[in-house]
Amino acid sequence: MKIGIVCYPTYGGSGVIATELGKALAKNGHQVHFITYQEPVRLDSFNENIFYHEVSALDYPLFQYQPYESALASKIVDVAKFEKLDILHVHYAIPHASSALMAQNILRESGYNLPFVTTLHGTDITLVGKDPGYKPVVEYSINHSNGITSVSNNLREDTYKYFNINKEIEVIPNFIDFARFKKTDKDHFKKAIAPNGEKILIHVSNFRKVKRVEDVLRMFDLVVKKIPSKLFLVGDGPERMNIEMLCRSLGNCDQVRFLGKQDAVEDLLAVSDLFILPSETESFGLAALEAMAVEVPVISSNAGGLPEINIQGKTGFLSNVGDYKDMAKNAIYILEDETRLKEFKKNAYTHAKIFDIKNILPLYEAYYNKVRSNYNS
Ligand code: GMT
């Protein structure tokens, strides 16, 4: 198949999933065309089946905002016609689904049929999409997608709850490439940062409000009083400064390392004992799944789709949003007993295996075939 993929190319779960999916499809013999405003960050190796088409939105003094949606639709039309795409897969509804719909209508006028699949990732529904400033367009373009997938059952339910959707939404969960996310021996590194055998807790996110990074610091403050430990904060974003201030006022900065954006997250996970994700909402929680693949149990909130990947009392624990005291209690329970910690690590890995890309890729391929045959009949 010749597949076009539209996504956000920067750091972020939806772009990561779109890029890794494209890479896996290309390995499986499909021709994949990424259509984005910048080369996706995870598109880091050459494959003869992968092509990249840059969307450039013309700047003009009249524009306060560049009309990216029109530039993207025009680029899709151009790539579809020239490369003879069979299907288009857009990740994150805003504005990708409406650009895809516009491109499809333009192409139809010249006799070219291009079905498209929209994958809903989370904030395109739960935060931004349902805002009245976007809702009518989001709802319309989801309803006019030829296929709709969501990354968790919870997000599927939320989409039906917040929007008037008249189509079936297929759940295809996010996935892990175990060739990259696997436990490796980084003992020398662990000894350097935790010379006295301290436990390592880790949080990875884009430091937006929705991630509640302050709860990570507050729960860590309780944990470190009972269990000698260190905290890695990986990522960057709007809340970073507030979090640094909080760390200073709690007086635990000596135990906390702000590591900024990191490409090789798997190396940091390899030395970690516990992953912390206390988000306000989280459609899936790919970062937590990546940790589990590297045998790191998870302490999370019970928001959104998190209970679908973090299993209470088995792969970790879930608490109500904001209940950092309960999170600390659960973290101490796991960390204070080596045998228990080992058991949680093993369970985390076993559960992550369900989401192996080898299991999920065929679901996307079958779904593309179904959408194509429905569209052409
Ligand atoms: O978490 C973010 O703020 C980034 C966002 C994105 O679109 O990149 O992540 C969403 O999509 C990921 C991939 O499907 C999911 O794993 C995240 O749970 C989801 N984030 C939220 O729902 C907050």
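Chains are numbered independently. Their residues run from 1 in the order of the written sequence. At least 70 in pLDDT is required for a residue's local features to be given in this predicted model, at least 80 for side-chain atom pairs to be given and counted, and no such filter applies to totals for whole chains, interfaces and linings, which use all residues. Values shown for side chains rest on all heavy atoms present in the structure; no hydrogens or waters enter the calculation.

Q: Looking at this model, I keep getting lost on the nonpolar core. Mind explaining?
A: Judged by nonpolar contacts, the single largest core of 72 residues is most densely connected at Leu25, Leu120, Ile202, Phe232, Leu269, Phe275 and Tyr368. Two domains each put at least three residues into this core: domain 1 (2-174 + 356-376) and domain 2 (187-355). A contact between two residues is defined here by any heavy atoms of the two lying within 4.5 Å. Here Tyr368 is in contact with Met1, Ile3, Leu21, Leu25, Ile87, His89 and Val117, once residues within four sequence places are set aside. Within the second largest apolar cluster, 27 residues are counted, among which are Leu201, Val256, Ala328 and Leu335. Take the buried residues of types Ala, Val, Leu, Ile, Met, Phe, Trp, Tyr and Cys, join any two whose side-chain atoms come within 4.5 Å, and each joined set is a nonpolar core. Summary of the burial criterion: residues with accessible area below 20% of their type's maximum are buried, those above 50% are exposed, and those between are partly exposed, where the area comes from a 1.4 Å probe applied to protein chains only. An automatic or database domain assignment provides the domain bounds reported here.

Q: Mind showing me how you'd approach the domain arrangement of the protein chain here?
A: The extent of an interface is frequently quoted as the accessible surface area lost upon association of the parts. According to the domain assignment, the protein chain consists of domain 1 (2-174 + 356-376) and domain 2 (187-355). Spacing between the C-alpha centres of domain 1 and domain 2 amounts to 31 Å. Throughout, the accessible surface (probe 1.4 Å) given up by two parts as they are put together, summed over both, is called the buried area. The junction of domain 1 with domain 2 conceals about 1,300 Å² of combined surface from both sides, 53% of it contributed by carbon and sulfur atoms. When a carboxyl oxygen of Asp or Glu is within 4 Å of a side-chain nitrogen of Lys or Arg, the pair counts as a salt bridge. At the boundary of domain 1 with domain 2, the tally comes to two salt bridges. Between N or O atoms, a polar contact is any pair within 3.5 Å; within protein, one atom must be a potential hydrogen donor and the other a potential acceptor, and residues adjacent in sequence are included only when both atoms are from side chains. At the junction of domain 1 and domain 2, the tally comes to 10 residue pairs in polar contact (both at pLDDT 80 or more). Three categories are distinguished: nonpolar for Ala, Val, Leu, Ile, Met, Phe, Trp, Tyr, Cys and Pro, charged for Asp, Glu, Lys and Arg, and polar for the others, with Gly belonging to the last. Of the residues assigned to the side of domain 1 that touches domain 2, the class counts are nine nonpolar, nine polar and two charged.

Q: How should the side chain of Thr118 be read in this particular structure?
A: Looking at the secondary structure, you find Thr118 in strand 5 (residues 116-120). What makes Thr118 buried here is its relative accessible area of 0%. Among residues more than four places away in sequence, those in contact with Thr118 are Val90, Ala93, Ala97, Ser145, Gly147, Ile148 and Thr149. Helix and strand assignments come from DSSP, with helices taken as H or I runs of at least 4 residues and strands as E runs of at least 2, each series counted from the N terminus.

Q: How should the packing of helix 13 (residues 324-335) against helix 14 (residues 338-352) be read in this particular structure?
A: In a pair of packed helices, the angle between the axes and the distance between the axes together describe the arrangement. Their axes nearest at 6 Å, the elements helix 13 and helix 14 cross at an angle of 105°. Overall, the two elements helix 13 and helix 14 adopt an arrangement that is roughly perpendicular. Contacts from Tyr333, Ile334 and Leu335 of helix 13 reach helix 14 at Arg340, Leu341 and Phe344. Class assignment for the residues of the contact of helix 13 with helix 14 results in five nonpolar, no polar and one charged. Orientation is described by axes fitted as lines to C-alpha atoms, over the contacting stretch for helices, and by angles from 0 to 180 degrees between their N-to-C directions. For classification, angles of less than 35 degrees are called roughly parallel, those exceeding 145 degrees roughly antiparallel, those between 65 and 115 degrees roughly perpendicular, and all remaining angles oblique.

Q: How should I be thinking about the site of the ligand in this particular structure?
A: Residue proximity to a molecule or strand is established when one non-hydrogen atom of the residue lies within 4 Å of it. Residues in contact with the ligand amount to 18 residues; listed here are only the nearest, Gly13, Ser14, His121, Lys211 and Glu282. Residue His121 places a side-chain N or O atom 2.6 Å away from an oxygen atom belonging to the ligand. A distance of 2.9 Å separates an oxygen atom of the ligand from a polar atom in the backbone of Gly285. Protein contacts shield 94% of the accessible area of the ligand, which totals 490 Å² for the unbound molecule. Grouping the amino acids of the shell around the ligand by side-chain chemistry returns four nonpolar, 11 polar and three charged. Here, Shrake-Rupley sampling with a 1.4 Å probe gives the accessible areas, and only protein chains in the shown set may cover a residue.

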